[in-house]
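# Examination of the molecular architecture
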Amino acid sequence: MTRKNLSLKKYRQAEAVKLSLGKPFFESEGIAIYQGDSLELGSNLPHSVFDALISDPPYCSGAAGTAVGADPSKKYCHSGNTLGRPSFGGDFRDQRSFKYWCSLWIGQALRACKETAYGLVFTDWRQLSTMIDALQAGGFCFKGLISWNKGRGARAPHKGFFRHQCEYIPWGTKGAVPRLTDRGPFDGCYSIPVLQKDKHHMTGKPTELMQRLVQCVPKGGIALDPFCGSGTTLVASALEGRQAIGFEASEEYCEIAARRIEAAKRGELMKYERPVAV
Ligand SMILES: C[S@@+](CC[C@H](N)C(=O)[O-])C[C@H]1O[C@@H](n2cnc3c(N)ncnc32)[C@H](O)[C@@H]1O
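The structure displayed is predicted, hence computed values, not measured ones. (Residues numbered from 1 in each chain as written. Predicted model: local features only at pLDDT ≥ 70, side-chain atom pairs only at ≥ 80, totals over all residues.)

Consecutive side chains of a regular strand alternate in pointing toward one face of the sheet and then the other. Judged by how many residues are buried, strand β9 (residues 243–248) sits mostly within the fold: 6 of 6 residues are covered. Across 5 bridges, the pairing between strand β2 (residues 31–35) and β9 is parallel. Bridging from a neighbouring strand, Gln35 pairs with Glu248 of β9. Alignment of strand β8 (residues 222–225) against β9, held across 4 bridges, turns out to be parallel. Among the inter-strand pairings, Ile222 is bridged to a residue of β9, identified as Gln243. Handedness of the β8-helix α7 (residues 232–239)-β9 crossover: right-handed. (Buried ≥ 20, exposed ≤ 12 C-beta atoms within 10 Å, placed from the backbone. Helix = DSSP H or I, 4+ residues; strand = E, 2+ residues; numbered from the N terminus. Pairing = 2+ DSSP bridges. Right-handed = clockwise from strand over helix to strand, strands pointing away.)

This is the structure we're talking about:
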């Protein structure tokens, strides 16, 4: 997205973010990645610039029990097989400290959001009530629950289980829910399978799902993803004509996200290829 495609106001808002955060790890026409800790970066964000917080933080699922300190591959990948995808940090907090931590970065994001902004945060069945609390503690007004049905490939420890087939996206708004005239209402349930060729992170979300979710951002508007991982929110934003800022602690994932965004800017979806063992 070039300056030509944006209103002066939208262009200035994006410039204000860049001025406050300094040099990005990667930048391409309205999409930028900053490498670092989300709370540190979030403390420097300007007020009232983002149209939405859309994020998929580490779930810290089950971290209060036997999973304390477990590598995410053991928790989130079938039989621990990551197919060469790098691991990631930040997934160690127990439920109490997870809620506190989420309320801090959600609160920072809220200040950086406009009055009409949406807040969408991913979570799983274990952390759902905790995340709904954190969304509200951070200051968003809780408005509902979006479900993402991953399909029957989803985990069921044995035959006695109902599959853990859905992940959830509690959503809210900073002020009243905007009365849109150009788009919406948005679907509250998405059945979109995880395709290995489109999964660049151990817990990566489908690009199509994120393309659907970024519709809440107006064309040319800006989304914030403080845990962008392999950059799916940013790729979706690029494909859908939105701007986006991502934070990510891992340099490896920043690099993967940058390559995916460059491909998206050429109108291509980068395919996941398992690294060749050396
Ligand atoms: C669940 S993943 C996001 C995956 C992403 N939605 C995708 O499709 O690729 C969460 C990401 O947050 C990053 N992370 C964890 N703690 C962080 C922190 N304190 N600051 C910034 N990033 C962090 C991890 O490295 C991980 O890549």
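A few words on the UniProt feature "domain: DNA methylase N-4/N-6" (unreviewed entry) in the protein chain. According to UniProt, the "domain: DNA methylase N-4/N-6" (unreviewed entry) feature falls on residues 198–258. In residues 198–258, the share of helix is 38% and the share of strand is 16%. The end C-alpha atoms are 15 Å apart. (UniProt positions renumbered as here; feature names shortened; annotations may be inferred.)

Okay, the pairing of strand β5 (residues 141–149) next. Alignment of β5 against strand β6 (residues 166–173), held across 8 bridges, turns out to be antiparallel. Paired with Phe142 across the strands is Gly172, a residue of β6. As defined by bridge partners, β5 adjoins strand β7 (residues 189–191) across 3 bridges and the pair is classed as parallel. Residue pairing in the sheet places Trp148 in a bridge with Tyr190 of β7.

What follows concerns the packing of helix α4 (residues 95–112) against helix α5 (residues 128–137). Running from N to C, α4 and α5 point in directions that differ by 35°, and their axes come no closer than 8 Å. Crossing handedness for the pair α4 and α5: right-handed. Contact residues: Gln95, Phe98, Lys99, Cys102, Ser103 and Ile106 in α4; Thr130, Met131, Asp133, Ala134, Leu135 and Ala137 in α5. For the contact of α4 with α5, the class distribution of residues is 7 nonpolar, 3 polar and 2 charged. (Axes fitted to C-alpha atoms, helices over the stretch in contact; angles between N-to-C directions. Left-handed = near helix turned anticlockwise from the far one by under 90°. Contact = placed C-beta atoms within 7 Å. Nonpolar A, V, L, I, M, F, W, Y, C, P; charged D, E, K, R; others polar.)

In this section: α5. Taken together, the buried positions of α5 are Met131, Ala134 and Leu135. Along α5, the residues classed as buried sweep out an arc of 100° about the axis, all on the same side. Looking at the packing, one finds that the buried side of α5 touches α4, β4 (113–121), β5 and β6. (Arc of directions from axis to C-beta.)

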